[in-house]
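# Examination of the molecular architecture
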Amino acid sequence: MLRVALAVLVAWVPLTAVAADPPEFTLTIKDHRYVPTELTIPANTKVKLIVVNKDATAEEFESHDLNREKVVTGNASIGVYVGPLKPGRYNFFGDFHQDTAQGVLIAR
Ligand SMILES: [Cu+2]
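Residues numbered from 1 in each chain as written. Predicted model: local features only at pLDDT ≥ 70, side-chain atom pairs only at ≥ 80, totals over all residues. Heavy atoms only, no water.

### What to know about the packing of aromatic side chains
As enumerated under the stated definition, the model contains 3 aromatic pairs in all. Ring centres 6.3 Å apart and planes at 90 degrees place the aromatic pair Tyr34 and Phe61 in the edge-to-face group. A residue pair is termed long-range when its members are at least 10 positions apart, and Tyr34 in strand β2 (residues 33-35) and Phe61 in strand β5 (residues 59-63) qualify at 27 residues. The exposure classification of Tyr34 matches that of Phe61, with both residues buried. Where Phe61 meets Phe92, the ring centres are 5.5 Å apart and the plane angle is 35 degrees; that geometry is what we call tilted. With Phe61 in strand β5 and Phe92 in strand β8 (residues 88-94), the pair connects residues that are 31 residues apart, well separated along the chain. Note on accessibility: Phe61 and Phe92 belong to one class, buried. An aromatic cluster is present here, built from Tyr34, Phe61 and Phe92 joined pairwise through their rings. (Phe/Tyr/Trp six-rings, centres within 6.5 Å; stacked < 30°, edge-to-face > 60°. Helix = DSSP H or I, 4+ residues; strand = E, 2+ residues; numbered from the N terminus. Buried < 20%, exposed > 50% of the residue type's maximum accessible area, 1.4 Å probe, protein only.)

As structure tokens, then:
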């Protein structure tokens, strides 16, 4: 019985370590637009957005709904933690190219 309990414990520890890392979702910026323009993430879960800027010029990932604002220089990437979010739609944009760089995060 003890041996079984120990085996369960040993197997369980690495799983919790993996579960502690927030799931990652990638947003790409190209030609001053977000790809995809709609990104679905799990609700009630902290996630890490990886914002990859494939343009040569800087952009700023910004969202009033998410209360986030972070510059990503040209041909670089940043990580932005968001959530846990209630189910819903959360707009974001590129502050330097608001006419084209628009998107929505959908939590569900
Ligand atoms: Cu800004």
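### Overview of the side chain of Glu60
Tracing the backbone through its elements, the reader meets Glu60 in strand β5. For Glu60, which is buried and forms no salt bridge, the nearest opposite charge comes from Lys70, at a distance of 11 Å. (Lys, Arg positive; Asp, Glu negative; His and termini not counted. Salt bridge = Lys/Arg side-chain N within 4 Å of Asp/Glu carboxyl O.)

### Points about the sheet that holds strand β3 (residues 38-41)
The strand order across the open sheet built from 5 strands is β3-β9-β8-β5-β6, with neighbouring strands paired in mixed fashion. One side of each edge strand has no neighbouring strand; the edge strands of this open sheet are β3 and β6 (68-72). Averaged over all pairs of adjacent strands, the angle between their axes in this sheet comes to 20 degrees, without regard to strand direction. One ladder, built from 4 bridges, connects β3 with strand β9 (residues 102-107); its direction is parallel. For Leu39, the partnering residue across the bridge sits in β9 and is Leu105. (Pairing = 2+ DSSP bridges. Axes fitted to C-alpha atoms, helices over the stretch in contact; angles between N-to-C directions.)

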